[in-house]
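Chain residues, written in single-letter form:
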Amino acid sequence: MVINAERLWDRLMELGEIGAQESGGVTRYSFTEEERQAKSLVARYMSEAGLSVHEDAAGNLIGRREGTDPQASVVLTGSHIDTVPDGGKFDGALGVLAAIEALQSMEEQQVQTVHPIEVIAFTDEEGSRFGFGMIGSRAVAGTLRQEDLKHRDADQISIEEAMRAVKLEPERLHEAAKAPDQVKAYVELHIEQGKVLENFNEPVGVVTGIAGPLWQQFTITGQAGHAGATPMNIRRDPVQAAAEVLNFIYAETKKFPNAVATVGKFHTLPGGINVIPSQVQFSLDLRDIDEADRDVLESRIREYAEQTCLKHQTVLEIGLLQRVAPAPSAPEVKEAIVQAGTLAGRSQLPELVSGAGHDGMQFSSKWPVGMIFVRSEEGISHSPKEWSSQADCGQGTEVLYHTLLQLAQGDTR
Ligand code: HGY
Ligand code: MN
Ligand code: MN
């Protein structure tokens, strides 16, 4: 192996201890003490790999390895080290640590590349804290707007306030943006988070495209009342309306071959056992690799929800949290990954779509993007049970090493 799989594994396990939960899962939200500890550990790994390390105006942690041509555009790689609540040790973390491992191995083997290579731990990819994600990669893409920083967490702290609390200056966000001609390509290694590779009995795969997530907040307002004294036929019960809307969402989504719908948050107010709720709020995460299909599904859901809430004499509001377009992989990056697979001893890398969203989606309209997937055991992710084997992580990192060499026009002299 051209990379040190044991070193990578030890770092994965060490990073996984920061934000560890009793469940065995990991919770590391952006702009928190857990994230600060994780970033200083990863910065140490970057230094050990011989990289120059800095944090940009959006809080992205960046390790850079120079190439022989100081004028050459940069090859980007990396992922994120923030997590979902009670998530796993591999989602995001593997992509950052594998990239550091690949660059450290190049350094130890005195391999030179023409293009510089940067590994980035992007700020807040998940969106778990504020309901708005990919903050760091949007900043690098130059698409993060000041108004995006108004999203608030459960304690009503805005992204802007949270950034200032960790000494970031949101008014300087534009400094994190990279112009398209500054970047040659972006490649990310990530766990698959599904069962395709396991079904193929393959440790590593190449991604053909990333499904686009649409996140919405539904609020249905009715009339609070006495659970015992209010006959069913005069209630204006928002939960009854929501139940019919949810059933429609699941049934309608199944009519589209690649669409998925998830209601991850569901909250009733005032929340008394014997009180007909005055209001219900729920989130909708709607995804498809085909944007036209997602648009049709979105409008059917909206129409049905409007009719249903009217029928129940309740008031509907649908708030947009984030809308990310599906992102196709660039042929030249996909080809580099397939070639790298051959060099890593895996000549026929299986191809698959990413159902999960990733930072690379923010770049696909600006510079070539591609992804390498590592098998997830039982396809489980966003869970303490998330797991990939040391061997699979090593294999994936080997493919990343060769991919970076090809993209950065390195030679293994
Ligand atoms: O939600 C996602 O697809 C990713 O885990 N952020
Ligand atoms: Mn995730
Ligand atoms: Mn991820």
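Draft legend 1. Up close: the environment of Glu101. Mapped onto the elements of the fold, Glu101 is located in helix H3 (residues 93-108). Sequence separation between Glu101 and Ile3 is 98 residues; the distance between their C-alpha atoms is 6.7 Å. Those residues in contact with Glu101 that lie beyond four places of it in its chain are Ile3, Asn4, Arg7, Leu8, Arg11 and Thr397. Here the side chain of Glu101 touches Asn4 through a polar contact of 2.8 Å, landing on its backbone nitrogen.

Draft legend 2. The site of ligand 1, seen in detail. The immediate surroundings of ligand 1 are formed by Glu125, Glu126, Arg287, Ala356, Gly357 and His382. Between Arg287 and ligand 1, the recorded distance is 2.5 Å, taken from a side-chain N or O atom to an oxygen atom. The contact in question runs from an oxygen atom of ligand 1 to an N or O atom on the backbone of Gly357, over 2.7 Å. Residues belonging to the shell around ligand 1 are distributed by class as follows: one nonpolar, two polar and three charged.

Draft legend 3. Spotlight on the coordination of the manganese ion (ligand 3). Within the first shell, the manganese ion (ligand 3) binds the protein through His80 (NE2), Asp91 (OD) and His190 (NE2), at distances of 2.1 to 2.3 Å. Written as a sequence motif, the donor residues of the manganese ion (ligand 3) are H-x10-D-x98-H. Between the manganese ion (ligand 3) and the manganese ion (ligand 2), the interatomic distance is 3.4 Å, and Asp91 donates to each metal, bridging them. With His80 in strand E3 (residues 74-80) and Asp91 in the loop between E3 and H3, this residue pair connects regions lying eleven residues apart in the sequence. Comparing His80 with Asp91, the two get one shared label, buried.

Draft legend 4. Up close: the coordination of the manganese ion (ligand 2). For the manganese ion (ligand 2), the full set of protein donor atoms is Asp91 (OD), Glu126 (OE) and His382 (NE2), and the range of their distances to it is 2.0 to 2.2 Å. Read in sequence order, the donor residues coordinating the manganese ion (ligand 2) give the pattern D-x34-E-x255-H.

Draft legend 5. Inspection of the domain arrangement of the protein chain at higher detail. What the domain assignment reports for the protein chain is domain 1 (5-211 + 327-407) and domain 2 (213-323). Centre-to-centre, using C-alpha coordinates, domain 1 lies 34 Å away from domain 2. The interface is formed by 15 residues belonging to domain 1 together with seven residues belonging to domain 2. Buried area between domain 1 and domain 2, summed over both chains or domains, comes out near 800 Å², and the portion from carbon and sulfur atoms is 57%.

What counts, and where the lines are drawn
- Residues numbered from 1 in each chain as written.
- Chains lettered and ligands numbered in written order.
- Predicted model: local features only at pLDDT ≥ 70, side-chain atom pairs only at ≥ 80, totals over all residues.
- Heavy atoms only, no water.
- Helix = DSSP H or I, 4+ residues; strand = E, 2+ residues; numbered from the N terminus.
- Contact = heavy atoms within 4.5 Å.
- Polar contact = N/O pair within 3.5 Å; in protein donor to acceptor, adjacent residues only side chain to side chain.
- Near = heavy atom within 4 Å.
- Nonpolar A, V, L, I, M, F, W, Y, C, P; charged D, E, K, R; others polar.
- Donors = N, O, S within 2.8 Å, 3.2 Å for Na, K, Ca; no water.
- Buried < 20%, exposed > 50% of the residue type's maximum accessible area, 1.4 Å probe, protein only.
- Domains from an automatic or database assignment.
- Buried area = accessible area lost by both parts, 1.4 Å probe.

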